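Tertiary structure, described
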Protein chains: 4
Amino acid sequence: MSQQNQRHDLGRLVVRGADRPGIVASVSSALAEQGANIVSLDQHSSDPAGGRFFQRTEFHLPDLSLRFGELEEALTQRLGTEQELEFELIEAKRNKRAAVFVSRKDHCLLDLLWRQRRGELAMTIAMVVSNHPELGDAVRGFGIPFFCVPVEKGRKDAAEKDQMNLLKGNVDLLVLARYMQILSGGFLDELGVPVINIHHSFLPAFTGAGPYERAKERGVKLIGATSHYVTEDLDEGPIIEQDVIRASHRDSVEDLQRRGADVERIVLSRAVAWHCDDRVVRNGSTTVVFEGPR
Amino acid sequence: MSQQNQRHDLGRLVVRGADRPGIVASVSSALAEQGANIVSLDQHSSDPAGGRFFQRTEFHLPDLSLRFGELEEALTQRLGTEQELEFELIEAKRNKRAAVFVSRKDHCLLDLLWRQRRGELAMTIAMVVSNHPELGDAVRGFGIPFFCVPVEKGRKDAAEKDQMNLLKGNVDLLVLARYMQILSGGFLDELGVPVINIHHSFLPAFTGAGPYERAKERGVKLIGATSHYVTEDLDEGPIIEQDVIRASHRDSVEDLQRRGADVERIVLSRAVAWHCDDRVVRNGSTTVVFEGPR
Amino acid sequence: MSQQNQRHDLGRLVVRGADRPGIVASVSSALAEQGANIVSLDQHSSDPAGGRFFQRTEFHLPDLSLRFGELEEALTQRLGTEQELEFELIEAKRNKRAAVFVSRKDHCLLDLLWRQRRGELAMTIAMVVSNHPELGDAVRGFGIPFFCVPVEKGRKDAAEKDQMNLLKGNVDLLVLARYMQILSGGFLDELGVPVINIHHSFLPAFTGAGPYERAKERGVKLIGATSHYVTEDLDEGPIIEQDVIRASHRDSVEDLQRRGADVERIVLSRAVAWHCDDRVVRNGSTTVVFEGPR
Amino acid sequence: MSQQNQRHDLGRLVVRGADRPGIVASVSSALAEQGANIVSLDQHSSDPAGGRFFQRTEFHLPDLSLRFGELEEALTQRLGTEQELEFELIEAKRNKRAAVFVSRKDHCLLDLLWRQRRGELAMTIAMVVSNHPELGDAVRGFGIPFFCVPVEKGRKDAAEKDQMNLLKGNVDLLVLARYMQILSGGFLDELGVPVINIHHSFLPAFTGAGPYERAKERGVKLIGATSHYVTEDLDEGPIIEQDVIRASHRDSVEDLQRRGADVERIVLSRAVAWHCDDRVVRNGSTTVVFEGPR
């Protein structure tokens with residue numbers, strides 16, 4: 001059975017709100033009443049007393065596409081109106097539409113393209129946008145549109161306008177796969193979809209530029225990478241995933257960069273995969289991650 | 001708040017049976033009807049179509065001890081009679097009563113004694129039994145009774161009888177912490193409680209005796225340990241947990257044994273911790289493990 | 001400084017023989033006498049008393065290419081004739097010439113092609129040979145020749161003859177990147193260069209076919225991959241590298257295969273990288289691996 | 001053969017100085033001239049051109065104890081006078097004499113005591129000193145002297161004087177096993193032996209107090225521990241070893257502390273083991289670690 005078929009008639013319900021007794025049973029029952037069979041359920045309370053509640057439920061419902069509107073309406077009544085819970089209802093078979101921004105380094109981009117081709121990521125890459133032309137051929141070789149939007153000094157506004165024209169309305173997700181420009185707060189606001197970045201250090205260690213240089217200088221024994229949602233506060237967005245590998249006195253800065261590339265691409269691909277499976281829920285400046293396989 | 005208090009009024013419901021639509025909502029509702037608030041819920045279906053269903057639910061219910069009998073009765077009606085599900089209802093504050101069997105090597109035993117003293121394991125070690133006297137002082141230093149039951153050649157039956165007299169009725173769990181004798185099928189049957197063993201290899205590689213010697217000979221690059229439930233088929237019982245560490249050509253057999261000791265004790269302690277938190281459910285010759293932190 | 005330049009005038013000396021006092025100083029001095037500066041040195045004695053000795057030395061010698069013959073002669077005299085040691089002398093700038101055999105699964109192949117393009121592997125892939133045509137375009141996209149040699153039932157001899165015609169004299173290494181055919185002993189003998197394979201299990205567990213199916217059935221909690229030199233005894237050749245990842249009851253056989261693909265390609269690429277850097281020395285049915293970075 | 005016997009007649013030579021051609025051969029020959037057989041050799045150049053050179057050599061020399069003075073003299077001539085290298089010559093059978101400072105948390109202390117009893121650490125714990133009395137019984141149970149030196153507010157000078165009286169001349173190493181007081185620069189100077197600390201975060205992330213609280217707040221997905229040499233600059237000393245474990249949104253601060261305890265003790269014990277085997281050489285604000293097994 002193909003992955004596509006496995007996801008047929010499979011839905012996801014992601015709920016959040018104030019915690020209170022009976023909330024798991026209440027959400028479960030709301031689905032059961034509609035004939036949905038719960039396949040998987042994860043929940044989290046940030047604090048047993050007066051905390052925030054998060055639940056991700058996967059369910060099977062025959063003819064889900066046909067019955068989607070009706071189901072959404074019923075849940076709005078039962079969860080939203082009666083219980084003041086926020087929720088998202090998703091058809092698993094609908095891939096997220098994503099754009100990838102990249103500069104010159106290809107390792108994170110290629111890992112995404114390759115995993116997407118293998119069917120490991122529930123997303124459709126609508127386009128790749130770069131401030132440099134070098135990676136155009138590699139991207140188009142995967143059958144994906146590539147657009148070059150140079151960012152000239154002092155003309156970032158113009159570049160962001162061009163980027164916005166490409167993205168607006170076309171994507172549900174923006175992935176920064178070693179894109180070496182900072183996006184303005186205005187751009188993030190207008191875009192209005194989640195933006196996932198990969199930072200080449202184990203945050204909060206070595207925020208800012210040159211993390212491998214500074215890791216070498218400090219003599220750390222592990223180097224890492226961090227994938228996080230982008231906010232206006234640089235390197236401060238909610239962390240989705242992190243991992244590390246061993247380093248030693250033998251590694252030059254170039255060695256750290258080369259070896260770090262492996263952990264960067266693995267961490268970014270994991271974060272994107274979990275996001276696309278609706279496993280990541282923001283909770284203020286942190287995340288709740290109902291992990292899939294690593 | 002102490003761990004003990006955290007577990008006050010906390011219950012666990014472990015359910016298994018034939019999978020079918022609506023089963024998660026049905027179990028959740030059965031608890032909610034009794035006023036229980038679900039704190040955590042894990043479930044697994046061995047096969048979406050016609051498989052086995054497993055669910056572990058932690059819930060909070062005021063005055064759980066007082067209402068335990070009443071709750072059990074209600075669940076028997078709702079789950080057992082109406083839906084043909086097997087279930088276990090557990091008060092989290094009740095520690096499992098355990099015996100530990102050991103021979104001469106102390107590393108697994110000490111890790112258990114030490115973690116238990118730190119409050120990391122939801123068990124009470126009722127006694128340690130060894131076929132050798134050497135570890136008596138160390139055990140009694142923890143305030144735990146130690147019994148020496150020698151196993152003389154050809155007189156294993158007599159030894160098992162003595163062991164049974166010590167255990168019968170007194171324990172909910174038997175842990176073999178590098179106990180170098182094979183327990184008979186008759187003994188296991190009569191005892192009637194789960195028995196957890198640690199095997200000093202990554203099963204199914206190197207079953208039987210001398211795994212480190214054979215790992216050295218074969219030139220493997222990782223050595224491991226396996227904790228499993230004991231069945232009559234030696235080294236074939238359901239696996240609970242495994243882990244590995246790196247080995248190299250530099251390691252002698254003695255090095256492998258010494259370093260393997262670290263992974264043996266970690267794997268056994270994890271398996272015991274998860275068992276005592278009712279996170280492990282047997283499924284034929286395998287297990288479903290709703291993992292806690294590693 | 002580019003990697004290529006870093007390897008200019010860099011040589012390697014790999015020595016093996018019977019261990020005896022003074023052997024490290026003796027090899028070091030033989031190099032120093034010729035004006036070579038030792039950059040890195042690893043040695044291993046299989047047994048302090050009467051064991052086998054292994055040493056890998058990297059050195060810098062101005063005009064190494066010009067002086068190669070002279071150096072080899074001097075070492076033959078000092079190490080070979082006087083001390084009965086076997087040795088190999090290698091110029092680091094000379095890449096190993098490799099062929100890759102593959103069937104239909106592309107993950108191991110692509111990882112090798114990609115790392116080679118990034119300059120991470122000291123090898124030149126002279127050709128890719130497959131018993132199926134599917135991967136031709138992907139390979140040629142990297143500018144590497146692709147040959148399809150079908151292996152028809154009962155006509156393996158003919159296929160091996162065709163394969164030998166392609167390889168003979170053209171390669172220093174053959175890599176089996178998920179090649180699903182068994183090479184005959186005669187073929188291995190005639191080829192006369194090392195052959196590296198990736199086996200999709202943590203050997204010696206699950207030798208033979210269907211390892212993921214059997215891992216699922218046995219309920220193991222880690223799955224692994226093993227890279228080894230190929231010998232006539234299937235799955236028994238000297239192990240170069242192994243690694244594992246976590247599995248759980250939630251993983252179907254297909255999940256294990258998909259996730260195992262990640263560990264397979266990492267393990268194979270590491271084994272190939274270390275081999276090409278002359279870090280792997282065979283010692284009977286095992287290996288001595290002077291590890292580079294993982 | 002016991003570990004003690006294995007280390008009989010085994011010596012170590014740790015050399016550092018300005019790098020230059022021929023230096024490895026030169027040190028090797030100096031040992032060989034004295035009849036020493038090199039068992040193991042590690043070296044490192046911080047920079048191929050004009051960097052610092054580090055070499056650790058283990059050798060076997062019959063009657064090492066008797067010939068120690070003579071050997072030291074010869075090496076002083078050959079390495080020190082002629083080549084301006086610094087070196088340390090050590091008999092492997094001589095354990096480092098260590099003191100351990102601890103406050104109330106016992107996990108790091110117990111791991112050291114236990115591994116020392118098992119013969120895993122080449123050190124003799126001469127005494128344990130605490131600013132609190134609670135751990136006295138546990139320490140004395142291992143047959144090791146315990147001294148309580150309270151540190152009253154505003155009277156740290158007096159406490160440091162008492163501590164100095166206990167340590168001075170009696171130890172080669174001081175280990176801070178979760179000692180919650182800062183040692184003054186004057187104390188460190190006067191003591192004049194290396195001081196190893198364990199910090200409960202992955203430095204340089206979360207320097208200072210309350211690292212687990214801040215890790216929870218920042219939402220990191222891994223928590224770590226760092227062992228380093230103590231300098232006057234708090235949390236800035238040369239790092240010896242680091243490791244991490246996974247954390248998630250489910251972990252409370254108390255969970256992080258409890259689980260972090262496992263990685264703290266493992267990291268500290270590794271750092272101490274490597275230091276006692278003379279595997280750690282300081283290089284300015286970093287270290288060169290010729291790693292033993294992890």
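Residues numbered from 1 in each chain as written. Chains lettered and ligands numbered in written order. Predicted model: local features only at pLDDT ≥ 70, side-chain atom pairs only at ≥ 80, totals over all residues. Heavy atoms only, no water.

Let us look at the overall build of chain A. Across its full length, chain A carries 9 helices and 13 strands. Across its three principal axes, chain A shows a C-alpha extent of roughly 60 × 40 × 40 Å. By the burial criterion, 58% of the 294 residues in chain A qualify as buried. For chain A, restricting intrachain contacts to residue pairs at least 6 apart in sequence, the fraction spanning at least 24 positions comes to 64%. Looking at chain A as shown, the accessible area adds up to about 11900 Å², and 48% of this sits on carbon and sulfur atoms. (Helix = DSSP H or I, 4+ residues; strand = E, 2+ residues; numbered from the N terminus. Buried < 20%, exposed > 50% of the residue type's maximum accessible area, 1.4 Å probe, protein only. Contact = heavy atoms within 4.5 Å. Areas by Shrake-Rupley, 256 points an atom, 1.4 Å probe, with all protein chains shown as cover.)

Residue and element names in this part refer to chain D. For strand β6 (residues 123-130), the tally of buried residues reaches 6 of 8 residues, placing the bulk of the element in the interior. The pairing of strand β5 (residues 96-102) with β6 spans 7 bridges and is classified as parallel. Within β6, the residue paired with Ala 98 across the bridge is Ile 125. For the crossover from β5 across helix α4 (residues 107-117) to β6, the handedness is right-handed. Bridge count for β6 against strand β7 (residues 146-148) is 3 bridges, and the pairing is parallel. Paired with Ser 130 across the bridge in β7 is Cys 148. (Pairing = 2+ DSSP bridges. Right-handed = clockwise from strand over helix to strand, strands pointing away.)

Once that is clear, we can look at the sheet that holds strand β2 (residues 37-45) of chain A. All names here are of chain A. Read across the sheet, 4 strands follow the order β2-β3-β1-β4 without closing on themselves; strand pairing throughout is antiparallel. One side of each edge strand has no neighbouring strand; the edge strands of this open sheet are β2 and β4 (86-91). The sheet shows a mean angle of 10° between the axes of neighbouring strands, direction not considered. Of the strand pairs in this sheet, β2 and strand β3 (residues 52-60) are connected by 8 bridges, and their pairing is antiparallel. Note that in β3 the partner of Gln 43 across the bridge is Gln 55. Lying over the sheet, helix α3 (residues 64-83) contacts β1 (10-18), β3 and β4, oriented at roughly 170° with respect to β4. (Axes fitted to C-alpha atoms, helices over the stretch in contact; angles between N-to-C directions.)

A word on the UniProt feature "active site" (unreviewed entry) in chain A. When the UniProt feature table is mapped onto this chain numbering, "active site" (unreviewed entry) sits at A:Asp235. Checked against the element boundaries, A:Asp235 lands in the loop between β10 (222-229) and β11 (239-246). Filtering out sequence-adjacent residues up to four positions away, A:Asp235 remains in contact with A:His199, A:Leu203, A:Thr207, A:Gly208, A:His228 and D:Arg218. (UniProt positions renumbered as here; feature names shortened; annotations may be inferred.)

Right, let's talk about the interface of chain A and chain D for a bit. Between chain A and chain D, the residue contacts involve 36 residues of the former and 36 residues of the latter. Overall, the association of chain A and chain D removes approximately 2900 Å² of surface from exposure, summing both partners, and the carbon and sulfur fraction of that is 53%. Together, A:Arg218, A:Arg246 and A:His249 form the three largest contributors to the area buried by chain A at its contact with chain D, with a combined 25%. At the junction of chain A and chain D, the tally comes to 7 salt bridges. (Buried area = accessible area lost by both parts, 1.4 Å probe. Salt bridge = Lys/Arg side-chain N within 4 Å of Asp/Glu carboxyl O.)

With that settled, consider the domain arrangement of chain A. The extent of an interface is frequently quoted as the accessible surface area lost upon association of the parts. Residues and elements named next belong to chain A. Segmenting chain A into domains produces domain 1 (3-91) and domain 2 (96-289). Each partner contributes residues to the interface: domain 1 has 11 residues there, and domain 2 has 11 residues. Here domain 1 and domain 2 share an interface that buries about 870 Å² over both sides, 50% of which is from carbon and sulfur atoms. Looking at the side of domain 1 facing domain 2, the largest losses of area belong to Arg 12, Phe 54 and Arg 56, adding up to 45% of the total buried there. Across the salt bridge formed by Asp 277 and Arg 12, the nearest N and O atoms sit 3.8 Å from each other. The interface formed by domain 1 and domain 2 holds 4 residue pairs in polar contact (both at pLDDT 80 or more) in total. Listed by contribution, the elements that provide at least two residues to the side of domain 1 that touches domain 2 are β1 and β3. Across the side of domain 1 that touches domain 2, the residue classes tally to 3 nonpolar, 3 polar and 5 charged. (Domains from an automatic or database assignment. Polar contact = N/O pair within 3.5 Å; in protein donor to acceptor, adjacent residues only side chain to side chain. Nonpolar A, V, L, I, M, F, W, Y, C, P; charged D, E, K, R; others polar.)

What follows concerns the pairing of strand β8 (residues 173-176) of chain A. All names here are of chain A. By the alternation rule, side chains of β8 split into Leu 173 and Val 175 and Leu 174 and Leu 176, which are all buried. Looking at chain direction, strand β5 (residues 96-102) and β8 are connected through 4 bridges and run parallel. By the bridge assignment for β8, Val 100 is matched with Val 175. Here β8 runs beside strand β9 (residues 195-199); their pairing, made up of 3 bridges, is parallel. Pairing of Val 175 across the sheet is with Ile 196, part of β9. In this fold, the crossover linking β8 to β9 by way of helix α7 (residues 185-191) has right-handed handedness.

Turning to the relation of the copies chain A and chain B, a few remarks are in order. It takes a turn of 180° to lay chain A on chain B, together with a shift of 0.0 Å along the axis; the resulting RMSD is 0.0 Å. Both chain copies can therefore be described as sitting about a two-fold axis. Interface residue correspondence from chain A to chain B reaches 100%, placing this contact among same-surface, isologous pairings. (Least-squares fit on C-alpha atoms with pLDDT ≥ 70 in both.)

What follows is about the interface of chain A and chain B. On the side of chain B, 16 residues touch chain A, which itself brings 16 residues to the contact. When chain A packs against chain B, close to 1100 Å² is buried across both sides, 51% of that on carbon and sulfur atoms. Three residues, A:Asn37, A:Leu41 and A:Gln43, lead the burial of chain A against chain B; their summed loss comes to 33% of the area buried on that side. On inspection of chain A and its partner chain B, the count reaches 0 salt bridges. Applying the counting rule to chain A against chain B returns 5 residue pairs in polar contact (both at pLDDT 80 or more). Of all the secondary-structure elements, those providing two or more residues to the side of chain A that touches chain B are α2 (23-33) and β2 of chain A. Class assignment of the residues belonging to the side of chain A that touches chain B gives a composition of 8 nonpolar, 6 polar and 2 charged.

Counted by the stated rule, this structure contains 6 aromatic pairs over all chains. Measuring from ring centre to ring centre gives 5.1 Å for D:Phe101 and D:Tyr179, while their planes differ by 65°; the resulting arrangement is edge-to-face. Note that D:Phe101 is positioned in strand β5 and D:Tyr179 in the loop between β8 (173-176) and α7 (185-191), a separation of 78 residues in sequence. Like D:Tyr179, D:Phe101 is buried. In this structure, C:Arg118 packs its charged tip against the face of C:Trp114, placed 5.9 Å from the ring centre. (Phe/Tyr/Trp six-rings, centres within 6.5 Å; stacked < 30°, edge-to-face > 60°. Lys NZ or Arg CZ within 6 Å of the ring centre and 35° of its normal.)

Residues and elements named next belong to chain A. Position of Arg 7 among the secondary structure elements: in the loop between α1 (3-6) and β1. Arg 7 gets classed as buried once you look at its relative accessible area, which sits at 16%. Sequence separation between Arg 7 and Glu 91 is 84 residues, and the spatial gap between their C-alpha atoms is 8.4 Å. What Arg 7 contacts, discounting residues up to four positions off in sequence, is Ala 92, Lys 93, Asn 95 and Ala 122.

A few words on the environment of C:Gln55. All names here are of chain C. For Gln 55, the position within the fold is in strand β3 (residues 52-60). Relative accessible area serves as the criterion here: at 1%, Gln 55 is assigned to the buried category. Considering only alpha carbons, one finds Gln 55 and Gly 17, 38 residues apart in sequence, at a separation of 9.4 Å. Sequence-distant contacts of Gln 55, defined by excluding residues within four places in its chain, comprise Leu 13, Val 14, Val 15, Val 24, Val 27, Ser 28, Leu 41, Asp 42, Gln 43 and Phe 290. Within the structure, Gln 55 has its side chain in polar contact with the side chain of Thr 57 (distance 2.9 Å).

Another aspect to go through is the pattern of salt bridges. Any two side chains of opposite charge can pair if their charged atoms end up close together. All names here are of chain B. Scanning the model with the defined rule gives 107 salt bridges over all chains in all. Of the charged contacts, one joins Glu 91 and Arg 94 as a salt bridge, the two residues approaching to 3.5 Å between their closest N and O atoms. Since its relative accessible area comes to 6%, Glu 91 is described here as buried.

Counting through the fold element by element, C:Gln163 comes out in helix α6 (residues 156-167). Setting aside its immediate chain neighbours within four residues, C:Gln163 contacts C:Phe101, C:Val129, C:Val149, C:Val151, C:Tyr179, C:Leu183 and C:Phe187.

All names here are of chain C. In contact at an axis separation of 9 Å, helix α2 (residues 23-33) and helix α3 (residues 64-83) are set at 155° when each is read in the N-to-C sense. Classified by the angle their axes make, α2 and α3 are roughly antiparallel. Regarding α2 and α3, the two cross each other, and that crossing is right-handed. Between α2, through Ser 26, Val 27, Ser 29, Ala 30 and Glu 33, and α3, the contact on the second element is made entirely by Leu 75, Arg 78, Leu 79 and Gln 83. Here the residues of the contact of α2 with α3 sort into 4 nonpolar, 3 polar and 2 charged. (Parallel < 35°, antiparallel > 145°, perpendicular 65-115°, else oblique. Left-handed = near helix turned anticlockwise from the far one by under 90°.)

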